[in-house]
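Structural description and commentary
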Amino acid sequence: RYEFQGSRIRAIYGHSIPDPIEYEEAVPPDILLHGTTSEFAALILEQGLKAMKRQYVHLSVEHDTAWEVALRRTEHPVLLKIDAKAAYEDGTKFYRGNEKVWLATYIDRKFISE
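Residues numbered from 1 in each chain as written. Predicted model: local features only at pLDDT ≥ 70, side-chain atom pairs only at ≥ 80, totals over all residues. Heavy atoms only, no water.

**A closer look at the overall build of the protein**
Applicable threshold: In this description a helix means any DSSP run of H or I spanning at least four residues, a strand means any run of E spanning at least two, and both kinds are numbered starting from the N terminus. Classification of residues uses two cut-offs on accessible area relative to the type maximum, computed with a 1.4 Å probe and protein chains only: under 20% is buried, over 50% is exposed, and between them is partly exposed. Residues are treated as being in contact if the distance between any of their heavy atoms lies within 4.5 Å. Method for areas: the Shrake-Rupley scheme with a 1.4 Å probe, in which residue coverage is limited to the protein chains shown.
Scanning the protein for helices and strands turns up 3 helices and 10 strands. Along the chain direction, N to C, the helices and strands of the protein fall in the order β-β-β-α-β-β-α-β-α-β-β-β-β. Counting the 114 residues in the protein, one finds 40% classified as buried. Sequence separation of 24 or more characterises 75% of the internal contacts of the protein that already satisfy a separation of 6 or more. Summed over its atoms, the accessible surface of the protein is roughly 7500 Å², and 49% of this surface lies on carbon and sulfur atoms.

As C-alpha cells, then:
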C-alpha cells in the first residue's frame, strides 16, 4: 500500500486523489483473485469488475491477500477468480502495484468466476 522514496513515504495506489497515478503496463500472472462481499460478488459476476470511485481495481496474486482484503468489509468473504491471461490477451491492460497486487481499470465479467 505504501512505498519509500528516499526518506519519504507515499501511498502507491492513489485511492482518492483526483489525478491518475500512472503505472507501466505489464503482463499479469495467468490467474488473479479479487476478494469481496457476497452482495458485490453477485454484481461483479453480472456487470464486471469496475474501479468505481477508485482509480483501479485491485487484484491479488495470493489467496491470503485477497481474503484479508475482503475481511475488511465482511465476515463471509467471497473470492472471485480472474482469468487474467485471457483478459490480457483480449486487450485488458494490467499494471503491477507491487509483488502481491495487480491493478486494472475494468475486468469484463466473461473473465470472472467464483
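Now that the structure has been shown, the text picks up again.
**With respect to helix H2 (residues 63-71)**
Spelled out, the test is: Comment: arc refers to directions from the helix axis out to C-beta atoms.
Thr65, Ala66 and Ala70 are the residues of H2 that are buried. One face of H2 carries all of its buried residues, which in axial projection span an arc of 130 degrees. Residues Asp64 and Glu68 are exposed on H2 and point more than 90 degrees away from its buried face. Looking at the buried positions of H2, the neighbouring elements they touch are strand E3 (31-36), strand E5 (57-60) and strand E6 (78-83).

**Some details on the packing of aromatic side chains**
Put simply, the rule is: Each pair of aromatic rings taken from Phe, Tyr and Trp, with Trp reduced to its six-membered ring, is defined by centres within 6.5 Å and is described as stacked if the planes are under 30 degrees apart, edge-to-face if over 60, and tilted in the remaining cases.
Under the criterion given, the structure shown has 2 aromatic pairs. With centroids separated by 5.5 Å and ring planes inclined at 75 degrees, the aromatic side chains of Tyr23 and Tyr56 adopt a geometry described as edge-to-face. With Tyr23 in the loop between strand E2 (8-11) and E3 and Tyr56 in the loop between strand E4 (49-50) and E5, this residue pair connects regions lying 33 residues apart in the sequence. Pair check on accessibility: Tyr23 and Tyr56 agree, each one buried. Three or more aromatic residues joined by ring pairs form one cluster here, namely Tyr23, Tyr56 and Tyr95.

**Some remarks on the environment of Thr105**
Checked against the element boundaries, Thr105 lands in the loop between strand E8 (101-104) and strand E9 (106-107). Once the C-alpha coordinates of Thr105 and Ala51 are considered, the two residues, 54 residues apart in sequence, prove to be 5.6 Å apart. Leaving out residues up to four positions away in the same chain, Thr105 has contacts with Leu49, Lys50, Ala51, Gln55, Tyr56 and Val57.

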